[in-house]
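Topology and contacts: notes
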Amino acid sequence: SQVVNSSGCPGGCTTYPTSCAPPIKGNVSYTTGEKIYHVFGQEFYEQTKINPAYGEVWFCNEDDAIAAGWRKARN
């Protein structure tokens, strides 16, 4: 288990961070391996599922996602 504080998990949360819902979803592309994050309200946010076994994580803010090497989804 990891600590989730008001700034979340800077490197990405492997468990759903209820303290910052709705969290940003860090998704790994199955075809390219690219790390892409989705924010609430984007086209594919709701259907994006996070599987920590594939290196996917949640973030509490975009700055953390970007600092960890993720890019924002285009849609």
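Report on the accompanying structure. (Residues numbered from 1 in each chain as written. Predicted model: local features only at pLDDT ≥ 70, side-chain atom pairs only at ≥ 80, totals over all residues. Heavy atoms only, no water.)

In this section: the packing of aromatic side chains. Note on aromatic pairs: each is described by the distance of the centres and the angle between the planes. Inspection of the entire model under this criterion finds 4 aromatic pairs. Ring geometry for Tyr30 versus Tyr54: centroids 5.6 Å apart, planes at 85°, classification edge-to-face. Linking Tyr30 in the loop between strand 1 (24-28) and strand 2 (35-38) with Tyr54 in the loop between strand 2 and strand 3 (57-59), this pair joins segments that are 24 residues apart in sequence. The exposure class of Tyr30 is exposed, given its relative accessible area of 63%. Over the ring of Tyr45 we find Lys25, and its NZ or CZ is 4.3 Å from the ring centre. (Phe/Tyr/Trp six-rings, centres within 6.5 Å; stacked < 30°, edge-to-face > 60°. Helix = DSSP H or I, 4+ residues; strand = E, 2+ residues; numbered from the N terminus. Buried < 20%, exposed > 50% of the residue type's maximum accessible area, 1.4 Å probe, protein only. Lys NZ or Arg CZ within 6 Å of the ring centre and 35° of its normal.)

Bringing the pattern of salt bridges into the picture now. Considering all chains together, one arrives at 2 salt bridges under this definition. With a shortest N-O distance of 2.6 Å, Glu34 and Arg71 are connected by a salt bridge. Taken as a pair, Glu34 in the loop between strand 1 and strand 2 and Arg71 in strand 4 (residues 71-72) lie far apart in primary sequence, 37 residues in all. The residue Glu62 makes a salt bridge to Lys72 at a minimum N-O spacing of 3.8 Å. Of this pair, Glu62 sits in helix 1 (residues 62-67) while Lys72 is found in strand 4, placing the two residues 10 residues apart along the sequence. On the basis of relative accessible area, Lys72 is assigned to the partly exposed category, the value being 38%. (Salt bridge = Lys/Arg side-chain N within 4 Å of Asp/Glu carboxyl O.)

A separate point is the nonpolar core. Within the largest apolar cluster, 8 residues are counted, these being Ile24, Val28, Tyr37, Val39, Val57, Phe59, Ala65 and Trp70. Elements with a contribution of two residues or more to this core: strand 1 and strand 3. Setting aside residues up to four positions removed in sequence, Val39 forms contacts with Ile24, Tyr45, Glu62 and Lys72. (Core = buried A, V, L, I, M, F, W, Y, C linked by side-chain atoms within 4.5 Å. Contact = heavy atoms within 4.5 Å.)

Sheet architecture is open: 4 strands sit in the order 3-1-2-4, paired in mixed fashion. Lying at the two open borders of the sheet, with one neighbouring strand each, are strand 3 and strand 4. Bridge analysis of strand 2 against strand 4 gives 2 bridges, and the strand direction is parallel. Bridge pairing in strand 4 links Ile36 to Arg71. (Pairing = 2+ DSSP bridges.)

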